[in-house]
Amino acid sequence: MSAEKITAEVRTEFGKGAARRVRRDGKIPAVVYGHGNDPVHLTLPGHVTMMALRHGGANAQLELDIDGETKLALVKDVQVDPIRRAIEHVDLFEVKRGEKVAVDVPVHVVGEAAKETLVVTDLAALHIEAEATHVPEAIEVDVTGAEAGTQFHASDLTLPQGATLITGCDVLVVNVIAQVTAAAHEADLTEASPAAEEATDSE
């Protein structure tokens, strides 16, 4: 995943009122943590940052230009207004090229399983360790042609080169199960009905 280049401004005013003024100007308040340094409070350009987060996903990588100094950072947390869906604040953590970081990477299911099956995602993200500059946007699980009863555990998935699995190897990630047809559902109801009547008669 390549880093998105963003020009940031150091923020010197804090509090809810200052944050609201930043947002009114079409910008986003942010904080960069990491490497034992004091947190750096920033203002990021709204549209550019929104597009970078949309493109990079949960672990978007940003190359920040702060007064001529470049910092490489990964997204740690994004606060979004639940009504307007606008980004209200971004937490970032600084990383160095070559160092490894522990991150949660979303699981994406691709392909179509066999007919009359349902694909159930039991784990939405894998916890892995990867190079800061090579964090994948997602880890794919290909279910093409998978029959009912097929299970994909964490150890079955292909990780990017250099990445290490932190999630337990035996953890179930995706489960392919038989689809309950209308006829089977009706048969279950029919079988259950006499049992219910017997229970009522015995009372």
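The structure this text deals with has already been given above.
Let me sum up the structure you'll find in this document. Note that the structure is predicted; figures quoted are calculated from it, not measured.

**Describing the pairing of strand S3 (residues 40-45)**
Consecutive side chains of a regular strand alternate in pointing toward one face of the sheet and then the other.
In step 1: Examined bridge by bridge, strand S1 (residues 4-10) and S3 share two bridges and lie antiparallel to one another. Residue Val10 lies in a different strand from S3, and its bridge partner there is Leu42.
In step 2: Bridge analysis of strand S2 (residues 27-33) against S3 gives six bridges, and the strand direction is antiparallel. Considered in S3, the bridge of Lys27 is made with Pro45.
In step 3: Taken together, S2 and the strand that follows it, S3, pair antiparallel across an intervening segment of six residues, in which Gly34 is found at a positive phi of about 120 degrees.

**Focus: the side chain of Asn59**
In step 1: Secondary-structure assignment places Asn59 in the loop between helix H2 (46-56) and strand S4 (61-66).
In step 2: What makes Asn59 buried here is its relative accessible area of 8%.
In step 3: A polar contact of 2.8 Å, which involves the side chain of Asn59, links it to the backbone oxygen of Asp104.

**Some words on a nonpolar patch on the surface**
In step 1: Taken together, the side chains of Leu118, Val120 and Ile177 present a nonpolar region at the surface, about 200 Å² in accessible area.
In step 2: Taking the relative accessible area as the measure of exposure, Leu118 reaches 40% and is therefore partly exposed.

**Considerations on the environment of Thr70**
In step 1: Looking at where Thr70 falls in the secondary structure, it is placed in strand S5 (residues 69-80).
In step 2: As a C-alpha pair, Thr70 and Lys5 span 65 residues in sequence and 9.4 Å in three-dimensional space.
In step 3: Discounting chain neighbours no more than four positions away, the residues touching Thr70 are Glu63 and Leu64.

**As for the layout of surface pockets**
Any space left empty among the atoms is revealed by the rolling of a water-sized probe across them.
In step 1: The calculated volume of the largest pocket comes to roughly 250 Å³.
In step 2: Around the largest pocket sit Met50, Leu53, Arg54, Gly57, Ala58, Val75, Lys76, Asp77, Val78, Val80, Arg85 and Ile87, which together line it.
In step 3: Contributions of two or more residues to the lining of the largest pocket are made by H2 and S5.
In step 4: Tallying contributions element by element places S5 first for the lining of the largest pocket, with five residues.
In step 5: Residues of the lining of the largest pocket, tallied by class, amount to seven nonpolar, one polar and four charged.

**Looking at the nonpolar core**
In step 1: Core analysis: the biggest nonpolar cluster contains 24 residues, and Leu126 and Ile128 have the highest contact counts within it.
In step 2: With four residues, strand S7 (residues 100-110) is the single largest residue contributor to this core.
In step 3: Sequence-distant contacts of Ile128, defined by excluding residues within four places in its chain, comprise Val101, Ala102, Val103, Val105, Pro136, Ile139, Leu159, Ala163, Thr164, Leu165 and Ile166.

**Quick word on the packing of aromatic side chains**
In step 1: For the structure on display, the rule yields zero aromatic pairs.
In step 2: We note Lys76 situated over the ring of Tyr33; from NZ or CZ to the ring centre the distance is 5.4 Å.

The rules we used
- Residues numbered from 1 in each chain as written.
- Predicted model: local features only at pLDDT ≥ 70, side-chain atom pairs only at ≥ 80, totals over all residues.
- Heavy atoms only, no water.
- Pairing = 2+ DSSP bridges.
- Helix = DSSP H or I, 4+ residues; strand = E, 2+ residues; numbered from the N terminus.
- Buried < 20%, exposed > 50% of the residue type's maximum accessible area, 1.4 Å probe, protein only.
- Polar contact = N/O pair within 3.5 Å; in protein donor to acceptor, adjacent residues only side chain to side chain.
- Patch = residues over 30% accessible without salt bridge, like charges linked within 9 Å, V, L, I, M, F, W, Y side chains within 5 Å.
- Areas by Shrake-Rupley, 256 points an atom, 1.4 Å probe, with all protein chains shown as cover.
- Salt bridge = Lys/Arg side-chain N within 4 Å of Asp/Glu carboxyl O.
- Contact = heavy atoms within 4.5 Å.
- 1 Å grid on protein atoms, 1.4 Å probe; cavity = no way out; pocket = protein on both sides within 12 Å on 5 of 7 lines; lining within 4 Å.
- Points joined across faces, edges and corners; volume = space filled by probe spheres on them.
- Nonpolar A, V, L, I, M, F, W, Y, C, P; charged D, E, K, R; others polar.
- Core = buried A, V, L, I, M, F, W, Y, C linked by side-chain atoms within 4.5 Å.
- Phe/Tyr/Trp six-rings, centres within 6.5 Å; stacked < 30°, edge-to-face > 60°.
- Lys NZ or Arg CZ within 6 Å of the ring centre and 35° of its normal.

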